[in-house]
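# Summary of the model geometry
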Number of protein chains: 2
Amino acid sequence: MDSRYSSMTVKPDTRTLIMDIAEKAVLEKGFEATSIDEIVVAAHISRGGFFYHFKDKNALARALIERYIDAENALFDDIFGRARELNDDPLHAMLIGLKLLAEMLDDLPNGHPGCVIAAAAYQDRLFDRGVREMNRRAILGWRARFRAMFEEIAKVYTPREPLDLNALGDMVSGVVEGAIVLQRVLGERQTVSAQIMQLRTYVKLLFAPPMQMDH
Amino acid sequence: MDSRYSSMTVKPDTRTLIMDIAEKAVLEKGFEATSIDEIVVAAHISRGGFFYHFKDKNALARALIERYIDAENALFDDIFGRARELNDDPLHAMLIGLKLLAEMLDDLPNGHPGCVIAAAAYQDRLFDRGVREMNRRAILGWRARFRAMFEEIAKVYTPREPLDLNALGDMVSGVVEGAIVLQRVLGERQTVSAQIMQLRTYVKLLFAPPMQMDH
DNA sequence: ATCGAACTGTACCGAGAGTCCACTTGACCG
DNA sequence: CGGTCAAGTGGACTCTCGGTACAGTTCGAT
């Protein structure tokens, strides 16, 4: 999200501008620490202009989270789609996908930018039922998505330990969210990708036939 | 932390009372969403009384995080100490420890209460360098602690995949932090323990000799 | 020309953080 | 018994921030 407007159209699209500025600030400092005044100044608009686009801060948060979820889903579609094209075997596709994900994060100059859902999770005053329900559905969506992928793998490979498919499905989002927290605190750029690679090793060991396994 | 005062001594210890009330609120709603007025009312003291004990909100946050880190370290000491008593083998001790941790969390009526470090990680306005440095040292401490345990395991068992010991050491805190985020969003009580059990399976597969392995 | 979407600017409100300070209360101490 | 000090009370005030209200402006499309 994303150019409805081509790079040609120089239309600033104030709403998007506000969201871009707000997202950056929110990921840096959190929702509550990000003041409307600060956004307004950075966007070179008036307070009235802000409230023209968003009825309150909650509406902004809602829009940010919605956009974030869409972007994340598009990213997963892209990465695991490409992985599947590279190797039709579901296990190998998963392993390739996780590696692609880790590599993509390593290429970002400052590591993973952070997750607005997690930012919201620890700051409840601001958020109404609607926002919380959106977050819930996003996390459940990722659980279902990865669960389905693991189910496919389990059709082909016998797992070496009993599977808890929901927990396994949650593990991708969980490991990423956790690693983001560590990264924020430690200030180390590669924390998230390193944790994803650990998860990859787990998946590999969980399904790979006991002895050999190349990729 | 903890009864410096025995259960007999009915001394209210206002400072501790404030911290207990604040911690509960912070874990529910976040630091910024927790107002001093609200704490003051719940503690039946005056605003002046609050500022007598903490020069500002930052000082309160600092005290909460400090106490949290100490408690968490004490918990790890206890759990992995007991695990080591039950089985002297470092791998088995680790597996038992992780299971004890998961079981302990399952016994809590509302799951893991949340982590004030993560709560701070996404709300930066409030915190000075001192708080951030404290958090950093805590996370690095846990990395070192678990890293050392994995190193001990690796002396006895040949890992089935190359080890990234720092990433492995971070994995315990990472998985827990991530699972807490999921738990907060989903409202499911067992998310954290389920994720810890996944981590346990990973450790088991990573070090266990290829074929047999009971526990 | 004119209409409406996208603003600007100002004035105002209430909540919450934080400061200052003068005053009280109760325990212990000599 | 009087003094002292930690642990408060309570009120007045300042500033920032979210949010409301609303009157007026700018500008592109029809």
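Anything mentioned here points back to the structure above.
In what follows, the accompanying structure is described. (Residues numbered from 1 in each chain as written. Chains lettered and ligands numbered in written order. Predicted model: local features only at pLDDT ≥ 70, side-chain atom pairs only at ≥ 80, totals over all residues. Heavy atoms only, no water.)

Attention shifts here to the nonpolar core. Grouped together as the largest cluster of nonpolar side chains are 142 residues, with contacts concentrated most on F31 and I117 of chain A together with F31 of chain B. Residues contacting F31 of chain B, with those up to four places away along its chain left out, are V26, K57, A61, L64, V116, A119, A120, Q123, L126 and F127 of chain B. (Core = buried A, V, L, I, M, F, W, Y, C linked by side-chain atoms within 4.5 Å. Buried < 20%, exposed > 50% of the residue type's maximum accessible area, 1.4 Å probe, protein only. Contact = heavy atoms within 4.5 Å.)

This paragraph deals with the protein's contact with DNA strand D. The local shell around DNA strand D holds 16 residues, among which R47 of chain A together with T14, S46, Y52 and H53 of chain B are the closest. A breakdown of the atoms of DNA strand D within 4 Å of the protein gives sugar and phosphate a share of 68%. Secondary-structure elements contributing two or more residues to the surface near DNA strand D are α3 (47–53) of chain A together with α3 (47–53) of chain B. Its residues assigned to classes, the surface near DNA strand D comprises four nonpolar, eight polar and four charged. (Near = heavy atom within 4 Å. Helix = DSSP H or I, 4+ residues; strand = E, 2+ residues; numbered from the N terminus. Nonpolar A, V, L, I, M, F, W, Y, C, P; charged D, E, K, R; others polar.)

Relative to the helices and strands, Q123 of chain A is located in the loop between α6 (116–121) and α7 (129–156). By relative accessible area, which is 1% here, Q123 of chain A ends up buried. Ignoring any residue separated from it by four or fewer positions in sequence, one finds Q123 of chain A in contact with G30, F31 and E32 of chain A together with K29, Y122 and Q123 of chain B.

With an RMSD of 0.1 Å, chain B superimposes on chain A once it is rotated by 180° and translated 0.0 Å along the axis. Look at the turn and shift together and you get a two-fold axis relating the two. In terms of C-alpha distance to the rotation axis, chain B has G178 of chain B as its closest residue, with the C-alpha 1.7 Å off the axis. Of the interface residues in chain B, 100% have counterparts in chain A that sit at the interface too, so the contact is made through matching surfaces. (Least-squares fit on C-alpha atoms with pLDDT ≥ 70 in both.)

Time to look at the protein's contact with DNA strand C. Around DNA strand C there are 17 residues in total, and S46, Y52 and H53 of chain A together with I36 and R47 of chain B lie nearest to it. Of all atoms in DNA strand C that approach within 4 Å of the protein, 65% are sugar or phosphate atoms. The contact in question runs from a phosphate oxygen of DNA strand C to an N or O atom on the side chain of T14 of chain A, over 2.9 Å. Between a base nitrogen of DNA strand C and a side-chain N or O atom of R47 of chain B, the distance comes to 2.3 Å. Put simply, the parts of the chain that give the surface near DNA strand C at least two residues each are α3 of chain A together with α2 (36–43) and α3 of chain B. (Polar contact = N/O pair within 3.5 Å; in protein donor to acceptor, adjacent residues only side chain to side chain.)

Function-wise, these values are silent; they only describe arrangement.
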